[in-house]
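Below are the chains, spelled out letter by letter.
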Amino acid sequence: MAPTHVLRCCQRGLAWIPVIFIALVVCWSYYAYVVELFLFTLAGLVIYMVFFHLSFVMFVWSYWKTIFTRPANPSKEFCLPKAEKEQYVKEERPESQQEILWRAAANLPLYTRTGAGAIRYCDRCQVIKPDRCHHCSACDMCVLKMDHHCPWVNNCVGFSNYKFFILFLCYSLVYCLFIAATVLQYFIKFWTNELPDTHAKFHVLFLFFVAAMFCISILSLFSYHLWLVGKNRSTIEAFRAPVFRTGSDKNGFSLGFGKNIAQVFGDKRKFWLLPIFTSQGDGLTFPSRLVNIDPEQPTVSLQPEANKSIEDVPASPLSESQNHLLGNEQHANNVTEHLENDSRYLLTIDR
C-alpha cells in the first residue's frame, strides 16, 4: 500500500483537473473570439473588443481570487488550553467532555449549538467551532462561515472568499452571455452556409454551444446564491437551519435585505463589483435576530443534554461590526419604548 502522504499528493493533484479544464476552455474561448471571429468577421467593431476584454479581465480576476484566497480559520481563542485539551482526551464519558467544553466556551461569543444543544466542537481540528463555522473534509480544516467546497475552484468557499465567488459567477455569466449574443448571428450564417466555409467555422459553432451551455448552468447557480445572500444564509444553513439557545431558526442571521447584502459586499457600494475583500465582520461573530432582541445578553442559561444541572454562561458583548449593523434597530426600539411609556403616563393622568 502506498504511503498516506503519497495518496494525499495524488488527491491534491487530481483536484486541480476541474480548474485546469476551466482554464483551458477560457483560453480557447479568448482565441476563438479574438482571433478567429473578430479578425476575420467582426473587424471594425471595436466596441465589441472593449466590452469583451472588460468582462474577460473581471472574470479572470474574480476567479483567481476565489481559487487562491485561503479559507479563514478559527482564531486561537477557540482552541482548548493545553491542560483542558489533555483532560478532554482522557475523558471517556461524553457528559464530562461536555462539561469541559462548557467551561472553555463561557467567555466566547457563541450563540449556536448542536442539534442536541451541546457545544459545537471539532475533534479533528481540536477547536470549538465559532458560529457558522464548519469542518471541510476536502480541505481538512474548519472554515469560518463555510458555504461549500467547490471542485471548480479547488477551494472551500467561506467567509474570506464568498464575495469573490459571487463575483466569479456574475462575471462568468456576463462573459458567456456576451459571447453567445454576439456570436449568434454568425452562428446562424455559418450554419446556413451564408458565409464561406473557413477554418473559423468550427470555432464559431463550438463557441456558441459552449457559451450557451455554461450560461444555463451558471444562471441557476448564480440566482440561487443571490437568494442566499438576500436571506443571509449559507448553503449549509439552507439545508440545515442553525440551532440557537431558543431553538433552530433558519432566519436567525437575517437582518433585513439591505444589511444582509452589506454583510457580504460591505458598506461602500463603489467596491461591490470589484473582487477585493470588503465583507463586514471578522468571521468569528455575526449579528443575529437573537442578539437584536437581547443586545446586552447578560446571562445565557444553557443545559447540556446529558447534564441536568443548569450553568449560567455569560456571553461576550457585541463586536464593532454587530453594533454597526444593529445600531439603527436598537435606536428604534428605544424610541418605541419611550413612546409607550409616555402613552401610559397620559392615560394615568386622564383617569
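The protein carries the name Palmitoyltransferase in an unreviewed UniProt entry, which gives Oncorhynchus mykiss as its organism. Under Sequence similarities (unreviewed entry), UniProt gives the following word-for-word description of the protein: "Belongs to the DHHC palmitoyltransferase family." In the Catalytic activity (unreviewed entry) part of its UniProt record, the protein is described as follows: "L-cysteinyl-[protein] + hexadecanoyl-CoA = S-hexadecanoyl-L-cysteinyl-[protein] + CoA".

K.L.:
Give a detailed account of the packing of helix α3 (residues 46-68) against helix α6 (residues 162-191), specifying residues and quantitative values.
P.N.:
Taken N-terminus to C-terminus, the directions of α3 and α6 make an angle of 150°; their axes are 8 Å apart at the nearest point. Taken together, the axis directions place α3 and α6 in an arrangement best described as roughly antiparallel. Crossing handedness for the pair α3 and α6: left-handed. Between α3 and α6, the contacting residues are Y48, F51, F52, S55, F56, M58, F59, S62, Y63, K65 and T66 on the first element and F164, F165, L167, F168, Y171, S172, V174, Y175, F178, I179, T182 and Q185 on the second.

K.L.:
Please provide a residue-by-residue account of the environment of S137, values included.
P.N.:
Structurally, S137 is set in the loop between β4 (134-136) and β5 (141-143). The exposure class assigned to S137 is exposed, which follows from its relative accessible area of 68%.

K.L.:
For the packing of helix α2 (residues 17-38) against α6, give the residues involved together with the corresponding values.
P.N.:
Helices that pack against each other are described as a pair by the angle of their axes relative to one another and the distance between those axes. Where α2 contacts α6, the axes come no closer than 12 Å and their chain directions differ by 35°. For α2 against α6, the interelement crossing comes out left-handed. Mapping the contact onto sequence places V26, S29, Y30, Y33 and L37 in α2 and Y175, F178, I179, T182, V183 and Y186 in α6. For the contact of α2 with α6, the residue count by class is 9 nonpolar, 2 polar and no charged.

K.L.:
How would you explain the side chain of N260 if you had to name every residue and give the values?
P.N.:
Tracing the backbone through its elements, the reader meets N260 in helix α9 (residues 257-265). With residues near it in sequence (within four places) discarded, N260 still touches V229, G230, K231, N232, F253, S254 and L255.

K.L.:
Go over the side chain of N161 with me, naming the residues and quoting the values.
P.N.:
Positionally, N161 belongs in the loop between β7 (155-157) and α6. By relative accessible area, which is 0% here, N161 ends up buried. Beyond its immediate sequence surroundings of up to four residues, N161 is in contact with T66, T69, N155 and C156.

K.L.:
Any details on the pattern of salt bridges? Residues and values, ideally.
P.N.:
Once their charged atoms are close, side chains differing in charge can pair, the charge on each being opposite to the other. Following the criterion strictly, the structure yields 2 salt bridges and no others. Where D140 meets R124, a salt bridge forms, and the shortest distance between an N and an O atom there is 2.9 Å. Residue D140 is located in the loop between β4 and β5, and its partner R124 is located in the loop between β2 (121-122) and β3 (127-128); the two are separated by 16 residues in the primary sequence. Among the salt bridges present, the one from E237 reaches R132, with a minimum N-O distance of 2.8 Å.

K.L.:
Report on the confidence of the model for the protein, specifying residues and quantitative values.
P.N.:
Averaged over every residue, the pLDDT of the protein is 82; the share at 70 or more is 79%. Between residues 292-351, whose pLDDT stays under 50, and residues either more than four places distant or in other chains, the model counts 72 contacts.

K.L.:
Go over the sheet that holds strand β1 (residues 112-113), please, and point to the residues and values.
P.N.:
Strand order in the open sheet formed by 3 strands is β1-β8-β9, and the pairing between neighbours is antiparallel. Among the strands making up the open sheet, the edge pair consists of β1 and β9 (247-248).

K.L.:
Break down the layout of surface pockets for me, citing the residues and quoting the values.
P.N.:
In this structure, the largest pocket encloses a volume near 620 Å³. If you trace the largest pocket, you find 21 residues lining it, with R12, A138, C139, D140 and N154 closest to the centre. If you tally residues by element for the lining of the largest pocket, the top one is helix α1 (residues 4-15), at 6 residues. Looking at the second largest pocket, its volume works out to about 480 Å³. Around the second largest pocket, the lining comprises 24 residues; the ones closest to its centre are I22, F168, F214, S217 and I218. Of all elements in the fold, only α2, α6 and α7 (200-231) reach the threshold of two or more residues within the lining of the second largest pocket. For the lining of the second largest pocket, the leading source of residues is α7, giving 8 residues. Per-class residue counts for the lining of the second largest pocket are 21 nonpolar, 3 polar and no charged.

K.L.:
Which residues make up α9, and what values do they have?
P.N.:
Counted residue by residue, α9 has 7 buried out of 9 residues, so it is predominantly covered. The complete set of buried residues in α9 reads K259, N260, I261, A262, Q263, V264 and F265. Positive phi shows up at G266, right after α9, with a value of about 95°.

Analysis parameters
Residues numbered from 1 in each chain as written. Predicted model: local features only at pLDDT ≥ 70, side-chain atom pairs only at ≥ 80, totals over all residues. Heavy atoms only, no water. UniProt positions renumbered as here; feature names shortened; annotations may be inferred. Axes fitted to C-alpha atoms, helices over the stretch in contact; angles between N-to-C directions. Helix = DSSP H or I, 4+ residues; strand = E, 2+ residues; numbered from the N terminus. Parallel < 35°, antiparallel > 145°, perpendicular 65-115°, else oblique. Left-handed = near helix turned anticlockwise from the far one by under 90°. Contact = heavy atoms within 4.5 Å. Buried < 20%, exposed > 50% of the residue type's maximum accessible area, 1.4 Å probe, protein only. Nonpolar A, V, L, I, M, F, W, Y, C, P; charged D, E, K, R; others polar. Salt bridge = Lys/Arg side-chain N within 4 Å of Asp/Glu carboxyl O. pLDDT = per-residue confidence, 0-100. Pairing = 2+ DSSP bridges. 1 Å grid on protein atoms, 1.4 Å probe; cavity = no way out; pocket = protein on both sides within 12 Å on 5 of 7 lines; lining within 4 Å. Points joined across faces, edges and corners; volume = space filled by probe spheres on them.

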